[in-house]
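Now for the letters of each chain:
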Amino acid sequence: MKILILGHRGMLGSDLTKRLSIDYEVTGIGRDYFDITSLPSCEKILREAKPDIVINAVAYTDVDKAENDRENCFQVNTQGVKHLAMLCGDKAIPLVHFSTDYVFDGTKSIPYTEEDTPNPVNVYGLSKAAGEKYIVQYCKDFLIIRTAWLYGQNGRNFVKTILEMAQKKKNLRVVSDQFGSPTWTWDLAGAVKLLLEGNKRGIFHITNRGSCSWYEFAKKILAFAGVTDVQVEPISSVQLNRPARRPQYSVLSNRKFAEATGKTLRFWQFALEEFLKKFTKNFRVNTLPH
């Protein structure tokens with residue numbers, strides 16, 4: 001099976017490439033080689049690669065910046081996804097795409113299922129929800145994977161940010177009233193492999209098991225990294241006053257994935273602990289990439 005991974009150097013794309021290359025012929029294409037917002041560019045890539053499956057790991061992910069950069073956000077997350085959906089639909093190529101917990105408004109108190117109706121509260125979430133609709137409209141053979149709170153070895157993420165901030169400050173202020181499921185991209189990539197091997201299609205929610213607040217997440221990061229001289233103070237979302245509104249509760253139910261594969265991802269604490277053991281082995285905390 002020939003798999004084309006778009007955005008193969010990114011945080012998720014790099015782990016997908018590593019895990020899928022073990023058993024499949026994988027071609028990785030980066031943003032320097034194609035423009036997802038250009039239909040001719042997308043068409044050229046598919047024509048050259050001749051893939052059996054396309055995996056899209058390209059996304060505009062700066063949630064706060066998107067509030068004042070709506071056009072660019074929608075160009076990547078909506079119009080670009082429409083291009084892929086139309087091309088893959090025409091060529092009968094399965095399309096794997098990643099969406100987000102931020103398509104939901106966060107008003108539930110129990111985990112969101114795949115059947116729940118999206119109702120985004122920020123521009124980023126709106127752009128991702130619109131992209132999902134285009135895939136359903138134009139490409140009948142698809143996998144939409146909604147995930148949350150991603151971290152990994154490459155790219156910017158909350159884990160690296162907390163460790164970098166801990167070098168400069170002895171007191172960190174982190175929101176305690178938003179809840180989700182931290183997810184290691186390595187574990188997510190393994191789950192994607194299971195779905196492909198089982199020839200599964202449709203919308204799936206996939207995260208590491210369990211949930212926490214950003215405050216609890218930050219405390220675990222420091223504890224597992226062996227940082228003992230930094231205090232974490234819980235604050236409210238109102239106190240933080242970020243440009244983009246966030247859903248208060250965006251935990252995703254993984255039941256459909258478990259029923260489809262017979263597997264579950266490990267609890268987020270175990271994934272985070274292993275990630276930090278490997279991460280701090282390869283990068284000293286004081287030389288984290290900026």
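Cut-offs and rules
- Residues numbered from 1 in each chain as written.
- Predicted model: local features only at pLDDT ≥ 70, side-chain atom pairs only at ≥ 80, totals over all residues.
- Heavy atoms only, no water.
- Salt bridge = Lys/Arg side-chain N within 4 Å of Asp/Glu carboxyl O.
- Buried < 20%, exposed > 50% of the residue type's maximum accessible area, 1.4 Å probe, protein only.
- Helix = DSSP H or I, 4+ residues; strand = E, 2+ residues; numbered from the N terminus.

Now for the pattern of salt bridges. Pairs can form between side chains of opposite charge once their charged atoms are near each other. All told, the structure shown has 16 salt bridges when counted by the stated rule. Between Asp116 and Lys108 there is a salt bridge; the shortest N-O distance is 2.8 Å. Taking the relative accessible area as the measure of exposure, Asp116 reaches 21% and is therefore partly exposed. Accessibility expressed as a relative area gives 25% for Lys108, which makes it partly exposed. A salt bridge links Lys193 to Glu197; the shortest N-O distance between them is 2.8 Å.

Despite not being glycine, Ala92 shows a phi value in the positive range, around 55°. With respect to the secondary-structure elements, Ala92 resides in the loop between helix 4 (70-91) and strand 4 (95-100). A relative accessible area of 62% means that Ala92 is categorised as exposed. Positive phi is not limited to glycine here, since Trp149 has a value of about 45°. Within the secondary structure, Trp149 sits in the loop between strand 5 (142-147) and strand 6 (150-151). On the basis of relative accessible area, Trp149 is assigned to the buried category, the value being 8%.

Limitation: the analysis is restricted to geometry and does not speak to function.
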